Amino acid sequence: MRLCICFVLLSVIVCASADNPFARGGRFVLDAAGGAWDMLRAYRDMREANHIGADKYFHARGNYDAARRGPGGAWAARVISDARENWQSGLSGRGAEDTRADQEANAWGRNGGDPNRYRPPGLPSKY
């Protein structure tokens, strides 16, 4: 009986520490949820800062923070950024050049580039 219990406990420990698809899938979902939260936080900060020229910085920062969480965060950042740009390009009237520049900042942050590359002068250090 004791041997059976020890075997079951050992099996549970080995399975829990193994690289199984359920654990990877769960991690992906958690990363994606965290990445979506990072994107929302960057959007809220952008609205709160209300600083001219800071748009690209917040694009890069949101994507950077989300992608640092892992593949799920990078996926969420890409989906949210693409959806926002597709929606915005049809409604804002800013044109293809603004959308291209936003997507460049998105990709820069998502690929690990320093968001401060897009930081405008005078933006408070809080952000």
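Reading the values: rules and limits
- Residues numbered from 1 in each chain as written.
- Predicted model: local features only at pLDDT ≥ 70, side-chain atom pairs only at ≥ 80, totals over all residues.
- Heavy atoms only, no water.
- Helix = DSSP H or I, 4+ residues; strand = E, 2+ residues; numbered from the N terminus.
- Polar contact = N/O pair within 3.5 Å; in protein donor to acceptor, adjacent residues only side chain to side chain.
- Contact = heavy atoms within 4.5 Å.
- Core = buried A, V, L, I, M, F, W, Y, C linked by side-chain atoms within 4.5 Å.
- Buried < 20%, exposed > 50% of the residue type's maximum accessible area, 1.4 Å probe, protein only.
- Expected span 1.5 Å × (residues − 1).

Explain the side chain of Lys56 to me, and be specific about the residues and the numbers.
Take Lys56: it is sitting in helix H3 (residues 55–67). A polar contact is formed between the side chain of Lys56 and the side chain of Asp55, at a distance of 3.4 Å. If we ignore the near neighbours within four places in the chain, the residues touching Lys56 are Asp98, Ala101, Asp102, Ala105 and Tyr118.

I'd love a proper account of the nonpolar core, names of residues and values included.
Most often, soluble globular proteins have nonpolar side chains that are buried together. The biggest cluster of nonpolar side chains holds ten residues, and these are Met46, Ala49, Ala54, Tyr57, Phe58, Ala60, Ala105, Tyr118, Leu123 and Tyr127. For this core, the elements supplying multiple residues, two or more each, are helix H2 (21–49) and H3. Here the element with the most residues in this core is H3; it accounts for three residues. Sequence-distant contacts of Leu123, that is, excluding residues within four places in its chain, are made with Ala49, His51, Ala54, Tyr57 and Phe58.

A description of H3 should follow, citing residues and the corresponding values.
Over its 13 residues, H3 extends 18 Å from the first C-alpha to the last, a length consistent with the 18 Å expected when each residue adds 1.5 Å. Of all 13 residues in H3, twelve are buried; the element is thus mostly enclosed.

Purely geometric numbers; function is a separate question.
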